[in-house]
Amino acid sequence: MALWRRSALALAACALPGAAWLIAHGGALLADEDTPYDLTALQHNVSDVNPDPAGTARQLAGAGADLIALEEVVPAALPAYREILSPGYPHLAVEGTVALWSRHPLTDIRPVDIRPQDVPRDWRRGLRATAHTPKGEIAVYVAHLPSVRMSPASGFGTARRDESARYLGRAIEAEETERVLLMGDLNSTVADRGLAPVTSQLNAPAGTLAFSWPASLPLARIDQVLARNAKVAHIRALDRTGSDHLPVLARIRF
């Protein structure tokens, strides 16, 4: 608009937020997609009202990742994901509405209890498995933290999300496997202090522009791939599926 109006004052007003944006995110523009990597991991909240789970599964399979972590996999849609993904990803772990498909064998699969105390007991959104990759074992966590709710009385409601993050952080702290990979919809960016119990223990991706939500106009990445004793060397958002989130694909270097 400033250029269209040929307004020097408006251009000057744009310069300050533009400079702030470049300081915060400019480094991601220089991220090297050719960085060596040992493993690829795909994270996607597929949406519990996704109208085309089979189409979504085919799209995700086409990305060629080694690991695929999904959230909001409702029971009615699980067979469609199984049918499409199983040929290329024969190893599967499912807990509640979160799931992990893998090209490599999975062992020691177990739930991770991240349920806030005031939600029903059938709320199951965390799992852990050991992936046996050609480069060695890695403990893979898949998690879906509660969403942030807005109300006129209390503003942003983060209590449940933060409580769940504390439980997840304790599980990761107690993890004995050296290498850890966390994939999930954490319902915030890595800069959120409410996620500190998790993010303080793990490495964030080198690039920050892989915005995943909302899919119609992505403004932030709340779908995360984080690692311990490994590096998320590169991350990018993929094309839209039937979800309100975009998938993100990360390259992991051991």
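Overview of the structure. (Residues numbered from 1 in each chain as written. Predicted model: local features only at pLDDT ≥ 70, side-chain atom pairs only at ≥ 80, totals over all residues. Heavy atoms only, no water.)

## A few points about the side chain of D185
- With respect to the secondary-structure elements, D185 resides in strand β10 (residues 180–185).
- We note that D185 is buried and unpaired, the nearest opposite charge coming from R125 at a distance of 6.9 Å.
- One polar contact links D185 to N45, side chain to side chain, over a distance of 2.8 Å. (Helix = DSSP H or I, 4+ residues; strand = E, 2+ residues; numbered from the N terminus. Buried < 20%, exposed > 50% of the residue type's maximum accessible area, 1.4 Å probe, protein only. Lys, Arg positive; Asp, Glu negative; His and termini not counted. Salt bridge = Lys/Arg side-chain N within 4 Å of Asp/Glu carboxyl O. Polar contact = N/O pair within 3.5 Å; in protein donor to acceptor, adjacent residues only side chain to side chain.)

## Some details on unusual backbone geometry
- Following W213, the chain continues into P214 via a peptide bond in cis, with omega recorded as -10 degrees.
- The phi angle at R6 is positive, at roughly 50 degrees, despite the residue not being glycine.
- With respect to the helices and strands, R6 occurs in the loop between α1 (2–5) and α2 (8–25).
- Here N229, not a glycine, exhibits a phi torsion of approximately 55 degrees, which is positive.
- Residue placement: N229 occurs in the loop between β11 (223–228) and β12 (231–237).

## Comments concerning the sheet that holds strand β2 (residues 67–71)
- Strand order in this open sheet of six strands is β3-β4-β2-β1-β13-β12, and the pairing throughout is mixed. Lying at the two open borders of the sheet, with one neighbouring strand each, are β3 (91–95) and β12. Across this sheet, the average inter-strand angle for adjacent strands is 15 degrees, counted without regard to direction.
- Along the sheet, helix α4 (residues 78–85) contacts β2, β3 and β4 (98–102); its crossing angle with β4, the most-contacted strand, is approximately 10 degrees. (Pairing = 2+ DSSP bridges. Axes fitted to C-alpha atoms, helices over the stretch in contact; angles between N-to-C directions. Contact = heavy atoms within 4.5 Å.)

## As for α4
- The set of residues buried in α4 consists of L78, A80, Y81 and L85. Burial along α4 is one-sided: seen end-on, the buried residues are contained in an arc of 160 degrees.
- Turning to α4, the residues buried within the fold contact α3 (53–61), β2, β3 and β4. (Arc of directions from axis to C-beta.)

## Focus on the environment of T56
- Mapped onto the elements, T56 comes out in helix α3.
- When its relative accessible area of 2% is taken as the criterion, T56 is described as buried.
- Sequence separation of T56 and I84 is 28 residues, and the distance between their C-alpha atoms is 9.4 Å.
- Residues within four places of T56 in sequence aside, it is in contact with H44, V46, N50, Y81, T241 and G242.

## Quick notes on the environment of A93
- Of note, A93 is situated in strand β3.
- Along the chain, A93 and R110 lie 17 residues apart, while their C-alpha atoms are 8.5 Å from each other.

## Here we look at the packing of α3 against α4
- Where α3 contacts α4, the two axes come as close as 8 Å, and the packing angle between them is 35 degrees. Considering the relative orientation of α3 and α4, their crossing is right-handed. Across the interface between the two elements, P53, A54, T56, A57, R58 and A61 of α3 pack against A80, Y81, I84 and L85 of α4.
- Split into classes, the residues belonging to the contact of α3 with α4 amount to eight nonpolar, one polar and one charged. (Left-handed = near helix turned anticlockwise from the far one by under 90°. Nonpolar A, V, L, I, M, F, W, Y, C, P; charged D, E, K, R; others polar.)

## Quick notes on the environment of G242
- Assignment of secondary structure puts G242 in the loop between β12 and β13 (248–253).
- Look at G242 and you get partly exposed, because its relative accessible area is 33%.
- The contacts of G242, once residues within four sequence positions are left out, are N50, P51 and T56.

## Structural notes on the sheet that holds β11
- Read across the sheet, five strands follow the order β5-β6-β7-β10-β11 without closing on themselves; strand pairing throughout is mixed. Of all the strands in the sheet, just β5 (106–111) and β11 have a single pairing partner and so form its edges. The average angle at which neighbouring strand axes cross in this sheet is 15 degrees, direction not considered.
- Relative to β11, β10 runs antiparallel, the two sharing six bridges. In the strand pairing of β11, G184 is matched with Q224.

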